[in-house]
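An overview of the molecular structure
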Amino acid sequence: MAASNAIDPIHQFEVHPLFSHEMSQVSFTNASLFMVIVSLAVTALMVMGTSRSSLVPSRIQAAAEMSYEFVAQTVRGTMGNDGMRFFPLVFSLFMFVVFSNMIGLIPYTFTVTSQIVVTFAFAALVIGTVLLYGIARHGMHFLHLFVPSGVPALLLPFIVMIEIISFLSRPISLSVRLFANMLAGHITLKVFGGFVSMMLATGGAAVALAPLPLAAIVMLTAFELLVAVLQAYVFAILTCVYLNDAIHPGH
Amino acid sequence: MTEPDKGEEERELKARLERLSSALDSKRSDSEGSQDKVGSDVVRTGQAMSLGFRVLAEFVSGVAVGSLIGWQLDIWMGTEPFGLIVFLFLGTIAGFWNVYRIAMRTTSR
């Protein structure tokens, strides 16, 4: 933290190495530490939730089963039963995103999904899967995705260009949305927290008003919880929508 | 203890149980109703905000991708301003097209 009493809301997003090897560029940063923590948390939930399955589920079992049911419903709803082959991908992405969003809300933690590198890597993975699977399954027919039917020949090159740009914009919008939501939420919380300490430091009438931003933080935290889950859901459902193009192109 | 006494006790117990369960039911539906109302208000705001964010991201990314392609084509082919102009135009249309598709999907559902 900076020495002055001004609070730097960006400081929480800094990536710094925890251990590094002198000879190589590779280092284990706080971001990598939290990626490990998130993966371990997801694995722990699923392993503990499924190891002792009873008819009357325990809390952990209920949580594991509900998350499975929820994602499976989303996948079936958007892609049909054929789409269940992508269930492992969508489920892993959803669980990783929802856990890193939730763990990031705990004070002094690092939010992995507030780094555009991470979210863009996910989006690139999704779009890469769409392209590879679409071409492997449909061959050249997959390219009909970019050629809508019933368009006059004069307009066709124009429309194809627009469709290609629209397709290329998908990974960007997918990654920027998640990243921007997490970044904006955390900065807002930090700024309001800064208001409290600054008002207390000013003294006088400001001290009496200091509880107001504190109350706002409580409300914002509740809202951030909603955003954390909702953005993970939006990420999962858009992944399904894009993968659906790879399974059923040309409509 | 006599037989009719036991029957009496049982009936009383049954009546008490019924009263309790009906009271519980009314209380539960009360609290559920109020919770649902508050919860759905927040959820609806959140969903509307996320839809708004989606529209914004789709539109901006269309324009960004278009201008990026145009800028890079200009560098490769040396057609200084024209690639950027044409592809910025195409990207803007692609952005509108993305937004149009979201709007069609939400109204058809």
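Just so we're clear, the structure is a prediction, and the values are computed from it rather than from any experiment.

On to the nonpolar core. Core analysis: the biggest nonpolar cluster contains 47 residues, and A:Val90, A:Phe94, A:Val97, A:Val98, A:Ala232, A:Phe235 and A:Ala236 have the highest contact counts within it. When contributions to this core are tallied by element, the ones reaching two or more residues are α1 (30-51), α2 (59-79), α3 (87-104), α4 (116-138), α5 (156-202) and α7 (211-247) of chain A together with α1 (3-77) and α2 (80-108) of chain B. The contact partners of A:Phe94, leaving out residues within four places of it in the chain, are A:Val71, A:Ala232 and A:Ala236.

Take the confidence of the model for chain B next. Chain-level statistics for chain B give a pLDDT mean of 80 and a share of 80% at 70 or above. Reported for the predicted complex are a pTM of 0.79 and an ipTM of 0.72.

Checked against the element boundaries, A:Leu230 lands in helix α7. Judged by local crowding, A:Leu230 falls into the partly exposed class, with 19 C-beta atoms found within 10 Å. Sequence-wise, A:Leu230 and A:Val98 are 132 residues apart; in three dimensions their C-alpha atoms are separated by 8.7 Å. Residues within four places of A:Leu230 in sequence aside, it is in contact with B:Gly46, B:Gln47 and B:Ser50.

Next up on the list: the confidence of the model for chain A. Scored by pLDDT, chain A has a mean of 86; 94% of the residues are at 70 or more. At the low end of the mean pLDDT range in chain A sits strand β1 (residues 17-20) of chain A, at 75; at the high end sits α3(A), at 94.

Moving on, we get to α2(A). Residue and element names in this part refer to chain A. End to end, α2 covers 30 Å across 21 residues, agreeing with the expected 30 Å (1.5 Å per residue, within 8%). Those residues of α2 that sit buried are Ala-64, Val-71, Thr-74, Val-75 and Met-79. Down the axis of α2, the buried set is contained in an arc of 105 degrees. They therefore lie on one face. Of the exposed residues in α2, those oriented more than 90 degrees away from the buried face are Arg-59, Ala-62, Met-66, Glu-69, Gln-73 and Gly-77. Of the surrounding secondary structure, the elements contacted by the buried residues of α2 are α1, α3 and α7.

Let us now look at unusual backbone geometry. Residue and element names in this part refer to chain A. In the Ramachandran plot, Tyr-108 falls in the positive-phi region, its phi being about 70 degrees despite a non-glycine side chain. Structurally, Tyr-108 is set in the loop between α3 and α4. Residue Tyr-108 is classed as exposed on the basis of its 5 C-beta neighbours within 10 Å.

Our focus in this paragraph is the interface of chain B and chain A. In this complex, chain B contributes 21 residues to the contact, which on the side of chain A involves 16 residues. Of all the secondary-structure elements, those providing two or more residues to the side of chain B that touches chain A are α1 and α2 of chain B. For the side of chain B that touches chain A, the per-class residue count stands at eleven nonpolar, eight polar and two charged.

Reading the values: rules and limits
Residues numbered from 1 in each chain as written. Chains lettered and ligands numbered in written order. Predicted model: local features only at pLDDT ≥ 70, side-chain atom pairs only at ≥ 80, totals over all residues. Core = buried A, V, L, I, M, F, W, Y, C linked by C-beta atoms within 7 Å. Buried ≥ 20, exposed ≤ 12 C-beta atoms within 10 Å, placed from the backbone. Helix = DSSP H or I, 4+ residues; strand = E, 2+ residues; numbered from the N terminus. Contact = placed C-beta atoms within 7 Å. pLDDT = per-residue confidence, 0-100. Expected span 1.5 Å × (residues − 1). Arc of directions from axis to C-beta. Nonpolar A, V, L, I, M, F, W, Y, C, P; charged D, E, K, R; others polar.

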